[in-house]
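Examining the three-dimensional arrangement
Below are the chains, spelled out letter by letter.
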Amino acid sequence: SPPPPPPPAGLLSVRINLDQNVYSPEDLIDQPGKPAVLTCAKLQAALYAMYDLNGRANAILPSGQASNIFCSFLTGGGELGALVEAPTATAADVQAIYNLFRTNGNYFIFQAEVPCGSTVSVNGLATGLVLPVIRYECAATTAGVIAQPALCCPPPPPASP
């Protein structure tokens, strides 16, 4: 029989925390006329798109598919949101996608349709690699937190005269 595949050398994880003043756990479930605010299908596709953008989709283990990306909802421990994680072949893969998030995290946020008011934290773990968490505050007013804050959410409506 063929040898088992090597264990993943790295993991890139993205944690989305929704604004709990706006959303409740019910918002993570499709309801009549009101689709869920986050779905694993969109989150997996968005993280896959980040790998694909970098030409590294085949680095996602075991078979380079969006469905290989782990996704779960967070509804305990004071959190409300989702966690998506891609196991990857090498530390270099983790570093490359982490760097892409640093320069182009809004691409993921748009693809995943992360709601305004959320916090997105990106973490890369790999053998011999310690990366600080990249934190995006998804609000139109967070100038300085991300390079182009207006891309994360629509800007607030102009004040009425």
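As a starting point, this report considers the structure included with it. Because the structure is a prediction, the values reported are computed rather than measured. (Residues numbered from 1 in each chain as written. Predicted model: local features only at pLDDT ≥ 70, side-chain atom pairs only at ≥ 80, totals over all residues. Heavy atoms only, no water.)

**Looking at the overall build of the protein chain**
Going by this rule: Put simply, DSSP marks the helices as runs of H or I at least four residues long and the strands as runs of E at least two long, and each gets a number from the N terminus on. Buried, partly exposed and exposed residues are distinguished by accessible area as a fraction of the type maximum, computed with a 1.4 Å probe on protein chains only: under 20%, between the cut-offs, and over 50%, respectively. Residues are treated as being in contact if the distance between any of their heavy atoms lies within 4.5 Å.
Each helix and strand in the protein chain was counted, giving three helices and six strands. Counting from the amino terminus, the protein chain carries its helices and strands in the arrangement β-α-β-β-α-β-β-β-α. Residue burial in the protein chain is summarised as follows: out of 161 residues, 42% are buried. Across the protein chain, contacts joining residues at least 24 apart in sequence account for 66% of those joining residues at least 6 apart.

**As for the environment of Asn68**
Inspection of the secondary structure assignment puts Asn68 in the loop between helix H1 (40-53) and strand S2 (70-74). On the accessibility criterion, Asn68 (18% relative accessible area) is buried. A sequence separation of 19 residues divides Asn68 from Pro87, and the C-alpha atoms of the two residues are 8.0 Å apart. Ignoring sequence-local partners within four residues, the contact set of Asn68 consists of Ile60, Leu61, Pro62, Ser63 and Pro87.

**Regarding the nonpolar core**
Stated precisely, the cut-off is as follows: We call a set of buried Ala, Val, Leu, Ile, Met, Phe, Trp, Tyr and Cys residues a nonpolar core when their side-chain atoms join them within 4.5 Å.
Core analysis: the biggest nonpolar cluster contains 36 residues, and Leu12, Val14, Leu43, Leu47, Phe101, Phe108 and Val120 have the highest contact counts within it. Those elements that place two or more of their residues in this core are strand S1 (10-17), H1, strand S3 (81-88), helix H2 (91-112), strand S4 (119-126) and strand S6 (134-137). At eight residues, H2 tops the list of elements feeding residues into this core. Among all residues touching Phe101, those that are not within four sequence positions of it are Leu12, Val14, Leu47, Met50, Phe108, Val122, Ile134 and Tyr136.

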